Amino acid sequence: MPNIAAARGLLNSADVLFTAEQCSAAIERMATDITAELGETYPLVLSVMGGAVVFSGQLLPRLAFPLDFDYVHVSRYGDKTHGGELTWRTAPKEDVRDRVVLVLDDILDEGHTLAAIIDYLKGEGAREVFSAVLVHKVHERKAYPGMRADFTGLDVADRFLFGGGMDYKGYWRNAPGIYALKGH
């Protein structure tokens, strides 16, 4: 368990990159774009646990079309600050064969997790796979050159981020905005 005073100090000293209002506006724009693209497809929407839970909870009520919802639990981080080996904890319970699938995640950093999920879904027979991320971290270390989600809320510099579903050592996923550690 973190030291509560230290955790609060971390939040108070962090740089606010995007306020809760700016995040909400980005999610609203994404919902409009996703509705225009997928509104007639009755997609299966998959939330990547645990980071995408905050983003998914804000995006789903704004999608103005019927959909199925499920989740996957795949991680490279756990409570660490650097990615490691990919671990599948929960695959989709819904059959993806011949479905349009939308994968929701909190951040596209290097993209190895998102790329593995998309490859898995295609291998299981998904007709088409789309991705949506709240945050796209701008750098050249992507899983493949030029990697981007189909729908992106916010582009951010290559810093250590938390809030909006992203965590720092397991805490502050619930921070009301997107923050960066001072000096990182």
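Moving on, we come to helix H2 (residues 20–38). An α-helix turns once every 3.6 residues. As a result, residues three or four positions apart point the same way. Here H2 contains 19 residues, and its C-alpha end-to-end distance of 26 Å stays within 8% of the 27 Å for a straight helix at 1.5 Å per residue. Within H2, the full set of buried residues consists of Cys23, Ala26, Ile27, Met30, Ala31, Ile34 and Leu38. The buried residues of H2 all sit within an arc of 145° when viewed along its axis, so they share a single face. For H2, the exposed residues lying more than 90 degrees away from the buried face are Glu21 and Ala36. Against strand E1 (15–19), helix H3 (52–59), strand E5 (100–108), strand E6 (128–137), strand E7 (151–156) and strand E9 (177–180) lie the buried residues of H2.

Turning our attention to helix H1 (residues 4–13). The set of residues buried in H1 consists of Ala7, Leu10 and Leu11. Along H1, the residues classed as buried sweep out an arc of 95° about the axis, all on the same side. Facing away from the buried side of H1, by more than 90 degrees, are the exposed residues Ala5, Arg8 and Asn12. Buried residues along H1 sit in contact with strand E8 (161–162) and E9. For H1, the capping residue at the N-terminal end is asparagine 3, with a side-chain oxygen 2.9 Å from the backbone nitrogen of alanine 5.

Working note: a packed helix pair is described by the angle between its axes plus the distance between those axes. Running from N to C, H2 and H3 cross one another at 65°; their axes reach a closest spacing of 10 Å. Comparing the axis directions of H2 and H3 gives the class roughly perpendicular. The crossing of H2 and H3 is right-handed. Contacts from Ile27, Met30, Ala31 and Ile34 in H2 reach Phe55, Gln58 and Leu59 in H3. In the contact of H2 with H3, the residues fall into six nonpolar, one polar and no charged.

This part is about the sheet that holds E9. One open sheet holds the three strands; their spatial order is E1-E9-E8, and the pairing between them is antiparallel. At either margin of the open sheet sits one strand with a lone partner, and together these are E1 and E8. Relative to E9, E8 runs antiparallel, the two being bridged by two bridges. In the sheet register, phenylalanine 162 faces E9, and the bridge partner there is tyrosine 179. Taken strand by strand, H2 contacts E1 and E9, and its axis lies near 40° from that of E1.

Reading the values: the criteria
Residues numbered from 1 in each chain as written. Predicted model: local features only at pLDDT ≥ 70, side-chain atom pairs only at ≥ 80, totals over all residues. Heavy atoms only, no water. Helix = DSSP H or I, 4+ residues; strand = E, 2+ residues; numbered from the N terminus. Expected span 1.5 Å × (residues − 1). Buried < 20%, exposed > 50% of the residue type's maximum accessible area, 1.4 Å probe, protein only. Arc of directions from axis to C-beta. Contact = heavy atoms within 4.5 Å. Polar contact = N/O pair within 3.5 Å; in protein donor to acceptor, adjacent residues only side chain to side chain. Axes fitted to C-alpha atoms, helices over the stretch in contact; angles between N-to-C directions. Parallel < 35°, antiparallel > 145°, perpendicular 65-115°, else oblique. Left-handed = near helix turned anticlockwise from the far one by under 90°. Nonpolar A, V, L, I, M, F, W, Y, C, P; charged D, E, K, R; others polar. Pairing = 2+ DSSP bridges.

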